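Listed below, chain by chain, are the residues.
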Amino acid sequence: MRSPRVSVAPPRREAGRQSLILDVDTGIDDMLALLYAAGHPDVDLVAVTTVAGNVGVDDVVCNTLGVLELAGAGHVEVAAGAAGPIARTLCTTPETHGPHGLGHAVVDPVGTVSGRSAVTLLLEEARARPGEITLVTMGPLTNLAAAVLAEPNLPLLLKDVWVMGGTFTGAGNVAPRVEWNIHVDPEAARTVFHQWSTATERGATPITVMGLDVTETSQFHARDLVAVAEAAGIGTIGGTDKEVMAAPLGNPVLDLVRDALRFYFEFHEEYDGFYGAHVHDPFVVGAALDPTLVEVRSTVVDVDLGGGHTDGETVADWRGHVDKPVNAFVALSGDGPKFIARLRAVLAELACRVTA
Ligand code: RIB
Ligand code: CA
């Protein structure tokens, strides 16, 4: 029997400096999210936690340390997290992000991983700074599931949680309605949404979820790299898109971006029919900093574990069939192009700041 779903308005977030923890499976678009956060003037990057997903967690740690160092943020703590899903064998995607996660790019970090695990870091920072930290996840939810099981009050200790995951009104990238981050560890995702339902009854803010249907409006093309190079004073890159993506730039940040994205563009050309890339993860960081970039609607989200082609599907209950407290704000639309303009500006500023 349906009970009309009472809509919940997302909290009004003041503009200005935000304290962020990013949970990443670096990966190419995670790399852009790290650069965006490291270079954004309104971000206090508290720490980064890593999780196996696109590639194994050792590669994720190495990539994350290297990208942060290149961005002048080598001081940011990076913690190692889950090496695999709660109840499944790890499935990585080297065909999407390359054998080590950064496409054709390679990093060689000098820094070392934190002595704290991802879960310990998350819980200690949230307890030390209640109501101050926004967590943005952009990989499988294995770390967050472990953290909220260890500390059921975590949803009340965090200011906000933004998740890149799922798909709600559009196609999946793993199965008809299934998205990669949820697919890798659907048990973790279900745990997170179920735990949040009990916490919202005690005053926690629902999770804001940005699925593929919204993040795929955030697309990066060769022309965007040309614009960044020009804005950074590196000069005008001419030629075809493929010539642009192979052009020497002589800037460590943009060389990393070019070589990583060239692999990602090749993947999208083969599987999505365009030479460019959906850059999902940085868009979620951008929206966490400026929620006006997306339109959200409150609902109850659950995750299908039934096997078959719906296994890992994120299911939103728009009409009140499920008698549970609202646990999510699901993004239904977003201004990807507006975000890409902001990403270009931050990348250009970083490139100016970090020279060879
Ligand atoms: O489905 C897209 C998501 O899966 C992104 O976070 C990408 O990095 C991969 O982790
Ligand atoms: Ca990711």
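Relevant structure appears above.
Below: a short report on this structure. Every value quoted in this text rests on a predicted model; they were computed, and no experiment measured them. (Residues numbered from 1 in each chain as written. Chains lettered and ligands numbered in written order. Predicted model: local features only at pLDDT ≥ 70, side-chain atom pairs only at ≥ 80, totals over all residues. Heavy atoms only, no water.)

1. A look at the site of ligand 1
- Taken together, 14 residues lie around ligand 1, and Asp29, Asn173, Glu179, Asn181 and Asp281 are the ones closest in.
- Asp29 places a polar side-chain atom, nitrogen or oxygen, 2.5 Å from an oxygen atom of ligand 1.
- Here ligand 1 loses 97% of its free accessible area of 280 Å² to cover by the protein chains.
- Going through the elements one at a time, helix H1 (28-39), helix H7 (180-184) and helix H13 (280-289) are the ones with two or more residues in the shell around ligand 1.
- Its residues placed into classes, the shell around ligand 1 shows four nonpolar, five polar and five charged. (Near = heavy atom within 4 Å. Polar contact = N/O pair within 3.5 Å; in protein donor to acceptor, adjacent residues only side chain to side chain. Areas by Shrake-Rupley, 256 points an atom, 1.4 Å probe, with all protein chains shown as cover. Helix = DSSP H or I, 4+ residues; strand = E, 2+ residues; numbered from the N terminus. Nonpolar A, V, L, I, M, F, W, Y, C, P; charged D, E, K, R; others polar.)

2. Some words on the environment of His97
- With respect to the helices and strands, the residue His97 is situated in helix H3 (residues 94-97).
- Looking at His97, the relative accessible area reads 3%, which means it is buried.
- Placed 43 residues apart in sequence, His97 and Asn54 show a C-alpha to C-alpha distance of 6.7 Å.
- Other than its neighbours up to four places away in sequence, His97 contacts Gly27, Ile28, Asp29, Asn54, Leu102, Gly103, Phe263 and Tyr264. (Buried < 20%, exposed > 50% of the residue type's maximum accessible area, 1.4 Å probe, protein only. Contact = heavy atoms within 4.5 Å.)

3. Re the side chain of Arg258
- Relative to the helices and strands, Arg258 resides in helix H12 (residues 252-271).
- Among residues more than four places away in sequence, those in contact with Arg258 are Leu225, Val244, Met245, Ala246, Ala247, Pro248 and Leu249.

4. Topic: the pairing of strand E5 (residues 160-164)
- The element E5 is largely enclosed, with a buried count of five among its five residues.
- Burial along E5 is two-sided: Asp160, Trp162 and Met164 facing one way and Val161 and Val163 facing the other are all buried.
- The pairing of strand E4 (residues 133-137) with E5 spans four bridges and is parallel. Bridge pairing in E5 places Val136 opposite Trp162. (Pairing = 2+ DSSP bridges.)

5. A short note on the packing of H1 against helix H14 (residues 336-353)
- H14 packs onto H1 with a crossing angle of 70° between their chain directions and a minimal axis gap of 9 Å. Put simply, H1 runs roughly perpendicular to H14. Here H1 contributes Leu32, Leu35, Tyr36, Ala38 and Gly39 to the contact with H14, which in turn contributes Phe339, Arg342, Leu343, Val346, Leu347, Glu349, Leu350 and Arg353.
- A breakdown of the residues in the contact of H1 with H14 according to their chemical character gives nine nonpolar, one polar and three charged. (Axes fitted to C-alpha atoms, helices over the stretch in contact; angles between N-to-C directions. Parallel < 35°, antiparallel > 145°, perpendicular 65-115°, else oblique.)

6. Thoughts on the side chain of His280
- Tracing the chain through its elements places His280 in helix H13.
- For His280, the side chain forms a polar contact with the side chain of Thr215, separated by 2.7 Å.
- Contacts of His280, omitting those with residues within four sequence positions, involve Asp29, Met164, Leu212, Thr215, Glu216 and Tyr264.

7. Some points on the coordination of the calcium ion (ligand 2)
- The protein atoms that coordinate the calcium ion (ligand 2) are Asp25 (OD), Asp30 (OD), Asp30 (OD), Met138 (O) and Asp281 (OD), at distances of 2.2 to 2.6 Å.
- Positions of the donor residues of the calcium ion (ligand 2), expressed as sequence spacing, correspond to D-x4-D-x107-M-x142-D. Separated by 113 residues along the polypeptide, Asp25 in the loop between strand E1 (18-24) and H1 and Met138 in the loop between E4 and helix H5 (142-150) bring together distant segments of the chain. This pair shows no difference in class: Asp25 is buried, exactly as Met138 is. (Donors = N, O, S within 2.8 Å, 3.2 Å for Na, K, Ca; no water.)

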